[in-house]
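# Per-entry structural report
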Amino acid sequence: MYSNFAQVASLAKEVAFTLTESKCATASTLGYTLLHLFEYYMESGLLMSVPDWVPIYATQEGKFKNPSVGYYDEMFAPICYNEPQGILGTACIWSHGLNSITILDNEFSLDLARLGDFIQAVKAIVKKTPTAFPLIGILMRFSDRSDIYMSTSYGRQSVHFEFYLWNRDDIYGSASGSLAGYQTILQTLTKEFNGRSHWGKSGMVYHSRDMIDLKLDETAREKFVAVMNKYDPNEVFMNSFGHRIKRTGDKIDIDPLTTHCALLDNCFCSMDSDCSSAQICTKLPGYVYNVCKTENEVDPVTFDRSLFPAPFGIMSYLVSDVPTLVNSVIANCSLTDALGTIGSLIPAITPVDQALETVGTLSEKLGELKSLSDAAGAVDDVVGGILHI
């Protein structure tokens, strides 16, 4: 992410996710509206030039078309640099720079013949619970069948689904928005559609022994284990993952700092404490999968993109409409809900004067941005409006 975008996005993301946890429906709806706005902005960045962004899918000459169809190495070829090169931003999307944005990357391979069925399944899920994909939506890539034993495309033509779970600043204690939708989609993909998780992505629960049993072709697995035994007969290089492959163990090595195992998909929740303090472990209506769901969750939120053509319509929405929505939150949410939101946004600060001073400092830093000055001002309006309730 570009450093300018990251400074704005990191703050706005925390505001949006915190609002989605509110017991006040108006505040929660605003939170999901902001997430859909991010979704719209990031999707636009794939196809056109937007402020502070170099589109991903480009030729070396910087030409685009929509829809874009072609070979990956040609489409994913914008001219960019390892670090930001000034206010216009020509760093690559994967540049670290001054970047506080982190993600849990999810990628699963699905039999191409079942693509249509899975798309319908996703559409059904997002009708049940508010779900946004703020970091470039859901990506799809395609690959031919492979004869490599551990390939996620072994024996079948495949479509690979990928989407990013945008981590909170407190990745171990706070939940990302849309978690119930995300987790239902992933469990549906793996358990109903035999989706195969990317070996280097997703939470550790999708690399458990049970999940490996679901994803691996039995013949390919036997042949791979035979190779393991041939070249490492004494298991000198054996680890927990190898034992799960061989069915000789089921231990999973997860991050020792983990306190709520379901937040980063290190487990499927079985009790409320596996989720964040603002969530319960439950099932969506009509589904059998345990997921972390925000208490008092609102109905799915719609965002009419046609009213705000990208990219400048998005900026206009931030400047003109978001402050109005904040005023609606102030008018409709109780003082108790408002104070709870403030405490969640700035948990380490209790005196109001210190809170206001902190917001003022953030606003000053954001105000230094040129290419995203409008967005910075809008984010300031959101935070300032909440803190002045």
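Data block above holds the structure.
Everything quoted here is computed from the prediction, not taken from an experiment.

### Things to note about the packing of helix 4 (residues 115-126) against helix 5 (residues 179-192)
The geometry of helix 4 relative to helix 5 is characterised by a closest axis approach of 10 Å and an angle of 155 degrees between their N-to-C directions. When the axes of helix 4 and helix 5 are compared, the pair comes out roughly antiparallel. Viewed along their axes, helix 4 and helix 5 form a crossing whose handedness is right-handed. Residues F118, A121, V122 and I125 of helix 4 form the contact with helix 5, whose participating residues are G181, T184, I185, T188 and L189. Residues of the contact of helix 4 with helix 5, tallied by class, amount to 6 nonpolar, 3 polar and no charged.

### Focus on helix 7 (residues 218-231)
Taking 1.5 Å of rise per residue, 14 residues should cover 20 Å, and helix 7 covers 20 Å from first to last C-alpha, within 8% of that figure. Buried within helix 7 we find A220, R221, V225 and M228. For helix 7, the angular spread of buried residues about the axis comes to 135 degrees, placing them on one side. Turned more than 90 degrees away from the buried face of helix 7 sit E222 and K230, all of them exposed. Where the residues of helix 7 are buried, they touch helix 6 (209-215) and helix 8 (240-246). Between the side-chain oxygen at the start of helix 7 and the backbone nitrogen of T219 there is a gap of 3.1 Å, and the oxygen is on D217.

### Quick notes on the state of the cysteines
Under the defined criterion, the tally for this structure stands at 3 disulfides. Two residues, C261 and C267, share a disulfide whose sulfurs are 2.0 Å apart. Between C261 and C267 the disulfide shows an S-S torsion of about 70 degrees. By sign, it is right-handed. What pairs with C269 in a disulfide is C281, and their sulfur atoms sit 2.2 Å apart. Measuring the twist about the S-S bond at about 85 degrees, one finds the C269-C281 disulfide to be right-handed. Of the two residues, C269 sits in the loop between helix 8 and strand 5 (279-282) while C281 sits in strand 5, which places them 12 residues apart along the sequence.

### Observations concerning the side chain of S28
For S28, the location among the structural elements is in helix 2 (residues 25-47). Take S28: its relative accessible area is 1%, and that puts it in the buried class. Not counting chain neighbours up to four residues away, the residues in contact with S28 comprise L19, T20, S22 and V298.

Cut-offs applied
- Residues numbered from 1 in each chain as written.
- Predicted model: local features only at pLDDT ≥ 70, side-chain atom pairs only at ≥ 80, totals over all residues.
- Heavy atoms only, no water.
- Axes fitted to C-alpha atoms, helices over the stretch in contact; angles between N-to-C directions.
- Helix = DSSP H or I, 4+ residues; strand = E, 2+ residues; numbered from the N terminus.
- Parallel < 35°, antiparallel > 145°, perpendicular 65-115°, else oblique.
- Left-handed = near helix turned anticlockwise from the far one by under 90°.
- Contact = heavy atoms within 4.5 Å.
- Nonpolar A, V, L, I, M, F, W, Y, C, P; charged D, E, K, R; others polar.
- Expected span 1.5 Å × (residues − 1).
- Buried < 20%, exposed > 50% of the residue type's maximum accessible area, 1.4 Å probe, protein only.
- Arc of directions from axis to C-beta.
- Polar contact = N/O pair within 3.5 Å; in protein donor to acceptor, adjacent residues only side chain to side chain.
- Disulfide = S-S within 2.5 Å.

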